[in-house]
Each structure stands twice: as structure tokens, then as C-alpha cells.
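Residue-level structural notes
So you can see what is in the structure, the chains are spelled out below.
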Amino acid sequence: MTLFEGKVKEEYEIKGFILEQSITRRLEALGLNDGTKIILMNRKKNGALIIKVRGTRLALGKQIAQSIEVDKCK
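Now for a quick tour of the structure. (Residues numbered from 1 in each chain as written. Predicted model: local features only at pLDDT ≥ 70, side-chain atom pairs only at ≥ 80, totals over all residues. Heavy atoms only, no water.)

1. Points about the overall build of the protein chain
Convention followed: Numbered from the N terminus, helices here are DSSP runs of H or I no shorter than four residues, and strands are runs of E no shorter than two. Between buried and exposed lies partly exposed: a residue is buried under 20% and exposed over 50% of the maximum accessible area for its type, with that area taken using a 1.4 Å probe on protein chains only. The contact criterion used is simple: two residues touch if any of their non-hydrogen atoms lie within 4.5 Å. Accessible areas in this description were obtained via Shrake-Rupley with a 1.4 Å probe; residue shielding takes into account the shown protein chains only. His residues and chain termini do not enter the charge count, which takes Lys and Arg as positive and Asp and Glu as negative. Charged side chains are reduced to one point each, which is NZ for Lys, CZ for Arg, CG for Asp and CD for Glu.
If you tally the helices and strands in the protein chain, you get 2 helices and 5 strands. Shown N-terminal to C-terminal, the secondary structure of the protein chain runs as helices and strands in the order β-α-β-β-β-α-β. Based on the C-alpha atoms only, the size of the protein chain along its principal axes is roughly 30 × 30 × 25 Å. The 74 residues of the protein chain split such that 36% are buried. Counted over contacts in the protein chain with a minimum sequence separation of 6, partners at least 24 positions apart contribute 57%. Counting only carbon and sulfur atoms, one obtains 46% of the accessible surface of the protein chain, whose full area is about 4,700 Å². Distance between charge centroids for the protein chain: 9 Å, based on 15 positive and 9 negative side chains.

Pasting the structure below:
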């Protein structure tokens, strides 16, 4: 599933990216790597998502969120 399909207040683990290499490198520099656990904090009306990763909140646009593959943590 993609991060955009996730539910608010749920925890997910990143499995991969379907993005340009430059955007993928930028996300990795921000701490979004394969295996990283994130929490979907909020969903905005325009499709943007607020996530929490390693104690920091980040905003991701709809297009980027649709390109991040995740699995739900158990």
C-alpha cells in the first residue's frame, strides 16, 4: 500500500520509493529510509499529509505520499 492510503494515527514501516532519484535522496536525508517507522499524524484537505518520523513532524505532498510504499506495523 502507499502512505497516502494510510489511516491517521496508525504506524507504518517504509518499504520503498517510486520517485525520482533526487527526491528519494532528499527524503532519505530527512530520515525516511527503508525500514523506518513513521506515524501518520494528520491529513489536510488538499491531500498533503503530516507524518512523525524519529520525533520530528514533516509535511508531504499528495504526489510524494502516493509514491512511498509502506506496510502497517503490528
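2. Regarding the pattern of salt bridges
Where charged atoms from two side chains of opposite charge approach closely, those side chains can pair. Put simply, the rule reads: The rule for a salt bridge is simple: a side-chain nitrogen of Lys or Arg has to be within 4 Å of a carboxyl oxygen of Asp or Glu.
Under the definition given, this model contains 3 salt bridges. Its salt-bridge partner being Lys72, residue Glu10 comes within 3.2 Å of it at the nearest N-O pair. Here the residue Glu10 occupies a position in the segment before strand S1 (11–17), and Lys72 occupies one in strand S5 (residues 68–72), the gap between them amounting to 62 residues. Residue Glu10 is classed as partly exposed on the basis of its relative accessible area of 25%. Taking the relative accessible area as the measure of exposure, Lys72 reaches 47% and is therefore partly exposed. Two residues, Lys37 and Glu13, come together in a salt bridge whose shortest N-O distance is 3.6 Å. Of this pair, Lys37 sits in strand S2 (residues 37–43) while Glu13 is found in strand S1, placing the two residues 24 residues apart along the sequence. Overlapping salt bridges, with partners in common, bring together Glu13, Lys15 and Lys37 in one network.

3. Thoughts on the side chain of Thr36
Our working rule: Contacts described as polar in this section are N or O atom pairs within 3.5 Å, which, within protein, must combine one atom able to donate a hydrogen with one able to accept it, while residues neighboring in sequence count only if both atoms come from side chains.
Tracing the chain through its elements places Thr36 in the loop between helix H1 (21–29) and S2. A distance of 3.5 Å separates the side chain of Thr36 from the backbone oxygen of Gly31, its partner in a polar contact. If we skip the residues at most four places from it in the chain, Thr36 touches Tyr12, Glu13, Ile14, Gly31, Val53 and Arg54.

4. A few points about the sheet that holds S2
Strand pairing in a sheet takes place through backbone hydrogen bonds and is either antiparallel or parallel in direction. For clarity, the threshold we go by: One bridge is not enough; two strands pair if DSSP finds at least two bridges between them. All axes here are fitted lines through C-alpha atoms, helices being fitted over the stretch that makes contact, and every angle between N-to-C directions spans 0 to 180 degrees.
Across the sheet, which stays open at both edges, the 5 strands sit in the order S4-S3-S2-S1-S5 with antiparallel pairing between neighbours. Of all the strands in the sheet, just strand S4 (56–60) and S5 have a single pairing partner and so form its edges. Recorded for the sheet is a direction-independent mean angle of 45° between the axes of neighbouring strands. Pairing geometry for S1 and S2, over 3 bridges, is antiparallel.

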